[in-house]
Number of protein chains: 2
Amino acid sequence: MSQDVGVGGERTANVIGAGLMGGSVGMALRAQGWTVYGSDRDEMAEQRGVERGAFNAVGMCETATLTFVCTPVLVAAAVALDALRHGGVVTDIGSVKAPIVEAVGHPRFVGGHPMAGSELDGIDGSDADMFQGRTWVLTPTERTDTDAYALLHAVVTSFGALVVSVPPQQHDRLVATVSHVPHLAAASLMSVAADGALEHSTLLRLAGGGFRDMTRIAAGHPTIWLDICETNRDAIVSGMDELINDLGRMREVVATGDRDRLRTLLQRAREARINLPVGAPPAEELVEVRVPIPDRPGFIAEVSTLASQLGVNIYDVEISHSSEGGGVLVAVIAQTASDLLRGGLIARGFKMSVAPLGLA
Amino acid sequence: MSQDVGVGGERTANVIGAGLMGGSVGMALRAQGWTVYGSDRDEMAEQRGVERGAFNAVGMCETATLTFVCTPVLVAAAVALDALRHGGVVTDIGSVKAPIVEAVGHPRFVGGHPMAGSELDGIDGSDADMFQGRTWVLTPTERTDTDAYALLHAVVTSFGALVVSVPPQQHDRLVATVSHVPHLAAASLMSVAADGALEHSTLLRLAGGGFRDMTRIAAGHPTIWLDICETNRDAIVSGMDELINDLGRMREVVATGDRDRLRTLLQRAREARINLPVGAPPAEELVEVRVPIPDRPGFIAEVSTLASQLGVNIYDVEISHSSEGGGVLVAVIAQTASDLLRGGLIARGFKMSVAPLGLA
């Protein structure tokens, strides 16, 4: 399906921002045969992007099908608005979504957030495979254009990423819990350890693989986290409160030697960790779901976020336009999830048909 | 040097406890040419140990040079005392040291703790390379026999581990900070995330690589942690308090939008993480240090913990006995650290000479 996404065959994209993520997006696009124009306020970074093969050329193409805004989160909305003056679909990769999506508010803009990264800084850490097997969040709203969403979904899926669609506000609460708060916790763990062993830093050799894993993200550049903490402040503070409360409970259980309760807490965490979802099922367990697109706005946001909230992952999505002007959304989901999605869609007044993959 | 450690050429060892660690110790010993006898209360685990190549045979050899007690921490002291009825050096691999070392209190017992593990349970997760590049703590005391320590140091080093020697109580405080508290924090992070996404578990796909890294250790079997929390309770509670306080400070900095202070906190954690010590320097940067062994107890604990406290890593150690009855401790350290160690040794009334590696 990834061979068809270039509208009018013009598989040309812009990447604005030549950092770690912009470089990786450029490389991933080029690996899929796109022609990529890259730009950055830093001319050295632009040039390095071309040298590293992330961009075909420096600059911006006004007729590009797709523009990725890969700037710092604080300027993403302004850069996206500027890019929307031309045609094409525009998306960003910022770690916080609601403020950006609200500020842009355009049908051809779909907020995005690849849940991937590296402790390396800058374009030299870029990697075409950075998104392979990772989750890429899209945050369509009731204003989002269906074709814009479908194009972006297909491109991101072609990078090997798994798309999850959620409303922007819910995204911000969730990433506070699974990314922003853990990052601050990693920094805290590292600080406490460094304090305790300050005079004898070699004693930090006692830090085993688990500690290294837990604190690896604390080695990242602080600047991005300052912006994130500024833009997603409320969700982060509330997530910190939850973590501090939970740690306080755990501390009491250890202090009072309540072995049974401690076992319950650890067992529960263990099960949740083991059940952390990963990867896609094999093709024979997938089906194509077809939903006629009604003539009203908000369709794509409603269907895609419904699926994510039902725990139904959409592995691929495509819009099939009929010559009479109507259209059908074709989504690839797991066979086992089709009854669940059908129930949710029918409850919302949609029709849906299911067929084995490739036979529809 | 690892070819010479078998006293009288009898490179025979016992491993008591056929779990993840016992199996890995057995495999690492066999990779170095040892004959390994393995035992466990669970006959199936013993047999599996032989099948997997961790043990040459089931049972215990009474004339073994070395016995590794790889049982749960709560029974390690009793098992070690039993093993000490025969000759040979006895060590354990428990995550808490002071209670065990105090309970055993024997010159031929050296407490040990490899800072390595796996989220896999049981002997099937065992791996001969588990200790490669990892830290292995030894906790000699003033009663510890010098030869016993040197033998164990050489064997553990032959597994590819880096030895750090600290007093048992200091070990327990440090591992609370870099292992036990982080483990409980991982469980808390996982619980909070699971709570927040309970109805929509697929949304946990938003958990990126950083979150997966941070919570991986929470997938381990809870039982070992119940024992650890019981035996190292005070240090863990105090470490939890430090972490909760630090997180509270961080939360305030985010809530008040104090960007400069947040940058300072994150920058400090970043530097500490980047400076986490790893690996050994190349051989040409190493020297051999020779210290004549005085005729009084406590020598090995004093020198080895002095080195660790000065931040001087001992990469290898050997005891050279002279025919007149005296002996010399030969330690391999980094050239750059030799002045530091000399100062510390002289201050404690020891003599020391330094020579390039292999030329002494």
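Our subject is the structure listed above.
This section reports on the structure supplied with the text. Per chain, residues are indexed from 1 in the order of the written sequence. Chain A is the first chain written and ligand 1 is the first ligand written, with later ones labelled in order. Where totals are concerned, whole chains, interfaces and linings use all residues; where local detail is concerned, this predicted model gives features only for residues with pLDDT of at least 70, and gives and counts side-chain atom pairs only at 80 or more. With hydrogens and water stripped out, all remaining heavy atoms of the structure feed into the side-chain values.

### Focus on the interface of chain A and chain B
Piece 1. The contact criterion used is simple: two residues touch if any of their non-hydrogen atoms lie within 4.5 Å. With 97 residues of chain A at the contact, the number on the chain B side is 97 residues.
Piece 2. Buried area: the accessible surface (1.4 Å probe) lost by two parts on joining, summed over both. Roughly 8900 Å² of surface becomes buried between chain A and chain B when both sides are summed, with 68% attributable to carbon and sulfur atoms.
Piece 3. Two N or O atoms count as a polar contact when they lie within 3.5 Å, although within protein this holds only if one can serve as hydrogen donor and the other as acceptor, and sequence-adjacent residues are included solely when both atoms are side-chain atoms. The interface formed by chain A and chain B contains 16 residue pairs in polar contact (both at pLDDT 80 or more).
Piece 4. Those elements giving two or more residues to the side of chain A that touches chain B turn out to be β7 (135-139), β8 (162-165), α6 (168-196), α7 (209-215), α8 (222-231), α9 (233-255), α10 (259-274) and α11 (299-309) of chain A.
Piece 5. The greatest single-element share of the side of chain A that touches chain B, amounting to 20 residues, is contributed by α6 of chain A.
Piece 6. Classification convention: Asp, Glu, Lys, Arg as charged; Ala, Val, Leu, Ile, Met, Phe, Trp, Tyr, Cys, Pro as nonpolar; all other residues, Gly among them, as polar. Partitioning the side of chain A that touches chain B into residue classes produces 53 nonpolar, 24 polar and 20 charged. Segments assigned H or I by DSSP are reported as helices when at least four residues long, segments assigned E as strands when at least two residues long, and all are numbered from the N terminus.

### Quick word on the relation of the copies chain A and chain B
Piece 1. Least-squares fitting of one copy onto the other uses the C-alpha atoms of those residues that reach a pLDDT of at least 70 in both copies. With an RMSD of 0.0 Å, the fit of chain A onto chain B corresponds to turning through 180° and sliding 0.0 Å along the axis. As the rotation angle and translation indicate, the two copies are arranged about a two-fold axis. Every residue of chain A has its C-alpha some distance from the rotation axis, and the shortest such distance is that of Met-214 of chain A, at 2.0 Å.
Piece 2. A symmetric contact is evident, with 100% of the interface residues of chain A recurring at the interface of chain B.

### A closer look at the nonpolar core
Piece 1. Take the buried residues of types Ala, Val, Leu, Ile, Met, Phe, Trp, Tyr and Cys, join any two whose side-chain atoms come within 4.5 Å, and each joined set is a nonpolar core. Relative accessibility under 20% of the residue-type maximum defines a buried residue, over 50% an exposed one, and the middle range a partly exposed one, all with a 1.4 Å probe and only protein chains included. Core analysis: the largest hydrophobic core is formed by 114 residues, its most contacted members being Leu-184, Ile-236 and Leu-262 of chain A together with Leu-184, Ile-236 and Leu-262 of chain B.
Piece 2. Setting aside residues up to four positions removed in sequence, Leu-262 of chain A forms contacts with Met-250, Val-253 and Val-254 of chain A together with Leu-184, Leu-226 and Cys-229 of chain B.

### Describing the packing of α10 of chain A against helix α6 (residues 168-196) of chain B
Axes are the key here: two packed helices are described by the angle between their axes and the distance separating the axes.
Piece 1. Here, axes are lines fitted to C-alpha atoms. For helices the fit covers the stretch in contact, and angles between N-to-C directions go from 0 to 180 degrees. Orientation of α10 of chain A relative to α6 of chain B, taken along the N-to-C sense of each, is 65°, at an axis distance of 8 Å. For the pair α10 of chain A and α6 of chain B, the sense of crossing is left-handed. Residues Leu-262, Leu-265, Leu-266, Arg-268, Ala-269, Ala-272 and Arg-273 of chain A of α10 of chain A lie in contact with α6 of chain B, whose contacting residues are His-183, Leu-184, Ala-187, Met-190, Ser-191, Ala-194 and Asp-195 of chain B.
Piece 2. In the contact of α10 of chain A with α6 of chain B, the residues fall into nine nonpolar, two polar and three charged. Left-handed is the label given to a crossing in which the near helix is rotated counterclockwise from the far helix by less than a right angle, and right-handed is the label when the rotation is clockwise.

### Considerations on the sheet that holds strand β2 (residues 35-39) of chain A
All names here are of chain A.
Piece 1. For two strands to count as paired, DSSP must find a minimum of two bridges between them. Strand order in the open sheet formed by eight strands is β3-β2-β1-β4-β5-β6-β7-β8, and the pairing between neighbours is mixed. The open sheet has two edge strands with one neighbour each: β3 (57-58) and β8.
Piece 2. Bridge count between β2 and β3: two bridges; the pairing is parallel. Following the sheet pairing, Tyr-37 is matched in β3 by Ala-57.
Piece 3. Here helix α1 (residues 20-31) sits on the sheet in contact with β1 (12-16), β2, β4 (66-69), β6 (109-114) and β7, set at roughly 170° to β1.

### Looking at the packing of aromatic side chains
How two aromatic rings sit relative to each other is given by the distance of their centres and the angle of their planes.
Residues and elements named next belong to chain A.
Piece 1. Any pair of Phe, Tyr and Trp rings, taking the six-membered ring for Trp, is counted once the centres come within 6.5 Å. Such a pair is stacked with planes under 30 degrees apart, edge-to-face with planes over 60 apart, and tilted for the rest. Tallying each qualifying case throughout the model produces 12 aromatic pairs over all chains.
Piece 2. Aromatic pair Phe-299 and Phe-350: ring centres 5.4 Å apart, planes at 70°, arrangement edge-to-face. Linking Phe-299 in helix α11 with Phe-350 in the loop between α12 (338-347) and β12 (353-356), this pair joins segments that are 51 residues apart in sequence. The exposure classification of Phe-299 matches that of Phe-350, with both residues buried.
Piece 3. Each member of the aromatic cluster is reached from another via a ring pair, and the members are Phe-68, Phe-131, Trp-136 and Phe-159.

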